[in-house]
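Below are the chains, spelled out letter by letter.
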Amino acid sequence: MVFARSREGLGNGFDTNDAELKMYRAMGTGFVPRHDAASLSRMAPGSEIDLNYFTTDGFKLLSQRPALLPREKKEGESTYEDETEVQLTQSPRPESKAPVRHVNVLWVQRPRRASRWIANMKEVLNWLEGWQHPSLNDVRVRVLVAHFERLHPAVQWHLARQADILVGVTGAAMAWGTFMHLDAAILDLFPPGSKFCNEGWGSNTVSHYGGLARLSGMQYTCMEHPAALQTSERPQSRQEALYLADKEVKEKLGGYWHGQNVHLDLQKFQKTFLEAVDKVLPALPKDRVA
């Protein structure tokens, strides 16, 4: 469902008949009791935890209740000590005290035990930590990486409305782009061989999330990246990599390409990321300048 919004974005003020507010009130998680501290009343616009999660103070709330939901480990499930549910990376400010335009990047990363995990996320974050615009010295990025399954749906909504760029391997989380401000950007990442991605801005007007982005006033592109194979085999060429990825889908994933993990082609991603930053700068909300 797509809701009509003004050019000023969602903001914090709501009319009691607003369709988005009705959806917001229905964002119960199902297994959290009504009397629990995770009640929606604490998450309403203008409430005690309606902060900018892309700042240091706001980010601290994402690692505690009610934002972070409890999770019981399933029998036989693997855990990874180096895996965190939420991370915040910020590119360095310039030495001058002149105002800086902050671009908020929301990156959906799935747990390592799940499919569609980005295998080289640490390498990507190291690059983003030192990112600088090649020609605009007053532009910086704040990148928030989150496992959405651990966050309360209301908090997911807050993150989406505060983001300027949404990045993630294709899946239901990309639908949160509906709640971003108009002319925000979505980078939808695909493993190879899906046949659901025509690379290029505005080239997917009727795909799942490309179509949703078009109807919502978002700027959208998808990108294919190599599969992070669940095997010790190491391809020696691009052609062999595509063959092994296809083999994995057929023999290990039951024919479902969206079960593959992804290894981001960093050089390819860097170009599209810069394009996304340049596209959202004209529509950057006033609170992104400080």
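For clarity, every value in this text was computed on a predicted model and none was experimentally measured.

Reading the values: the criteria
- Residues numbered from 1 in each chain as written.
- Predicted model: local features only at pLDDT ≥ 70, side-chain atom pairs only at ≥ 80, totals over all residues.
- Heavy atoms only, no water.
- Core = buried A, V, L, I, M, F, W, Y, C linked by side-chain atoms within 4.5 Å.
- Buried < 20%, exposed > 50% of the residue type's maximum accessible area, 1.4 Å probe, protein only.
- Helix = DSSP H or I, 4+ residues; strand = E, 2+ residues; numbered from the N terminus.
- Contact = heavy atoms within 4.5 Å.
- Phe/Tyr/Trp six-rings, centres within 6.5 Å; stacked < 30°, edge-to-face > 60°.
- Polar contact = N/O pair within 3.5 Å; in protein donor to acceptor, adjacent residues only side chain to side chain.
- Pairing = 2+ DSSP bridges.
- Axes fitted to C-alpha atoms, helices over the stretch in contact; angles between N-to-C directions.
- pLDDT = per-residue confidence, 0-100.
- Salt bridge = Lys/Arg side-chain N within 4 Å of Asp/Glu carboxyl O.

**Student:** So what exactly am I meant to see when it comes to the nonpolar core here?
**Tutor:** Across soluble globular proteins, you tend to see nonpolar side chains buried next to one another. Formed by 34 residues in total, the largest nonpolar core has its most connected members in Leu62, Leu106, Leu144, Phe148, Leu151, Leu159 and Ile186. Among the secondary structure elements, those contributing two or more residues to this core are strand S2 (101-108), strand S3 (139-146), helix H4 (153-162), strand S5 (185-190), helix H5 (208-216) and strand S6 (219-224). In terms of residue count, H4 provides more of this core than any other element does, four residues in total. Contact partners of Leu106, with chain neighbours within four places excluded, come to Phe54, Leu144, Phe148, Leu159, Ala160, Ala163, Ile165, Leu166 and Val167. Residues Ile118, Val141, Phe269 and Val280 belong to the second largest nonpolar core, which totals 31 residues.

**Student:** What am I meant to see in the packing of aromatic side chains here?
**Tutor:** Given two aromatic rings, their pairing is described by the distance between the two centres and the angle made by the two planes. If you walk through the whole model with that rule in mind, you get six aromatic pairs. Relative to Phe269, the ring of Trp107 has its centre 5.3 Å away and its plane inclined at 50 degrees; by these criteria the two rings are tilted. Of this pair, Trp107 sits in strand S2 while Phe269 sits in helix H7 (residues 266-280), placing them 162 residues apart in sequence. The class for Trp107 is buried, based on a relative accessible area of 0%. An angle of 80 degrees between the planes, with centres 6.3 Å apart, marks the rings of Trp127 and Phe269 as edge-to-face. Pair noted here: Trp127 is in helix H3 (residues 121-129) and Phe269 is in helix H7, with a separation of 142 residues, a long-range link. By relative accessible area, which is 0% here, Phe269 ends up buried. An aromatic cluster of three or more residues is present, and its members are Trp107, Trp127, Trp131, Phe269 and Phe273.

**Student:** Would you explain the environment of Asn52 in this entry?
**Tutor:** With respect to the secondary-structure elements, Asn52 resides in the loop between helix H1 (19-25) and helix H2 (56-60). What makes Asn52 partly exposed here is its relative accessible area of 22%. Spatially, the C-alpha atoms of Asn52 and Leu159 are 8.4 Å apart, while their sequence positions differ by 107 residues. In this structure the side chain of Asn52 is engaged in a polar contact, spanning 2.9 Å, whose partner is the backbone nitrogen of Phe54.

**Student:** Where do I start with unusual backbone geometry in this structure?
**Tutor:** If a residue is not glycine, its phi is most likely negative; likewise, a peptide bond is most likely trans. Non-glycine residue Asp183 carries a positive phi angle of around 70 degrees. Locating Asp183 in the fold gives a position in the loop between strand S4 (165-169) and S5. Given the relative accessible area of 26%, Asp183 is considered partly exposed.

**Student:** Could you clarify how one ought to interpret the sheet that holds S3 in this entry?
**Tutor:** Across a sheet, strands are paired by hydrogen bonds formed along the backbone, either parallel or antiparallel in direction. Taking strand neighbours across the sheet as the criterion, the six strands line up as S1-S3-S2-S4-S5-S6 in an open arrangement whose pairing is mixed. The sheet is open, and its two edges are formed by strand S1 (86-90) and S6, each paired on a single side. Going across the sheet, the axis of each strand differs from the next one's by a mean of 15 degrees, ignoring polarity. Packed onto the sheet, H7 meets S2, S3, S4, S5 and S6 and runs at close to 175 degrees relative to S6.

**Student:** How do you make sense of the confidence of the model for the chain when you look at a structure like this?
**Tutor:** Interpretation of this model should avoid reading the predicted coordinates in detail wherever pLDDT is low. On average, the chain scores 78 in pLDDT, and the residues at 70 or more come to 68%. Across residues 1-17, where pLDDT falls below 50, the model places 37 contacts with residues more than four positions away in sequence or in other chains. Considering only residues more than four positions removed or in separate chains, one finds that residues 29-38, a stretch of pLDDT under 50, has 14 contacts.

**Student:** When you look at the pattern of salt bridges in this model, what are you seeing that I'm missing?
**Tutor:** Working definition: two side chains of opposite charge can pair if their charged atoms are close together. For the structure on display, the rule yields five salt bridges. Put simply, Arg288 and Asp164 hold a salt bridge, and the shortest N to O gap is 3.0 Å. A residue pair is termed long-range when its members are at least 10 positions apart, and Arg288 in the segment after H7 and Asp164 in the loop between H4 and S4 qualify at 124 residues. Notably, a salt bridge pairs Glu199 with Lys268, separated by 2.6 Å at the nearest N-O pair.

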